[in-house]
Amino acid sequence: MSKGPGWIQRRLLYIFDKVPDQAMSTAFLICLVYGCQDECLDDPTQWVYPAAERVAVTRALRGLAKTGKIRSLGRRFHDRHARWGGLACPDPTDNTRSNRLIGQTIRVSPTTVQTARKRTADQGSTP
């Protein structure tokens, strides 16, 4: 029998409740949960945290995503940081997906997707 969310999950839910429309990386959430000590929040390369803290927060995030309380927004290509957001958070990769990937998803050619994107952009720019 489950006793409910643990303290890390409760703190993460509190964070996502306060900032529901912003995607955050796992490293940033570790700093928010455990508190950054002598690190500058503007420079993620300076963040140092034990592997146990990273694993605990990642496990808590995966559990919350599995139960549908938060969204996993995937990983960024250049630094492989996982991104997480509240249920109201827009997916930042929606407009950066490739024409090929979108075409595979909806079963049309990449050229069709490119034409549709161009047409939508042209309609949006005309007054």
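Refer to the structure printed above.
Residues numbered from 1 in each chain as written. Predicted model: local features only at pLDDT ≥ 70, side-chain atom pairs only at ≥ 80, totals over all residues. Heavy atoms only, no water.

Along the chain, C36 falls in the loop between helix 2 (26-34) and helix 3 (51-66). For C36, a relative accessible area of 28% puts it in the partly exposed group. Between the alpha carbons of C36 and Y49 there is a distance of 8.6 Å; along the sequence they are 13 residues apart. (Helix = DSSP H or I, 4+ residues; strand = E, 2+ residues; numbered from the N terminus. Buried < 20%, exposed > 50% of the residue type's maximum accessible area, 1.4 Å probe, protein only.)

What follows covers the packing of aromatic side chains. Scanning the model with the defined rule gives 1 aromatic pair in all. Note on W7 and Y34: the rings are 5.7 Å apart at their centroids and 90° apart in plane angle, and the pair reads as edge-to-face. You can see W7 sitting in helix 1 (residues 7-18) and its partner Y34 sitting in helix 2, a full 27 residues away along the chain. With relative accessibility at 27%, the residue Y34 sits in the partly exposed group. (Phe/Tyr/Trp six-rings, centres within 6.5 Å; stacked < 30°, edge-to-face > 60°.)

Each full turn of the α-helix corresponds to 3.6 residues, which orients residues three or four apart in the same direction. In a regular helix each residue adds 1.5 Å, so 16 residues correspond to 22 Å; helix 3 covers 22 Å between its end C-alpha atoms and thus fits that length. For helix 3, the complete set of buried residues consists of V57, T58, A60, L61 and L64. Across the axial projection of helix 3, the buried residues extend over an arc of 160°, all falling on one side. Across from the buried face of helix 3, at angles greater than 90 degrees, the exposed residues are A52, R59, R62 and K66. G68 sits one or two residues past helix 3 and shows a positive phi near 85°. (Expected span 1.5 Å × (residues − 1). Arc of directions from axis to C-beta.)

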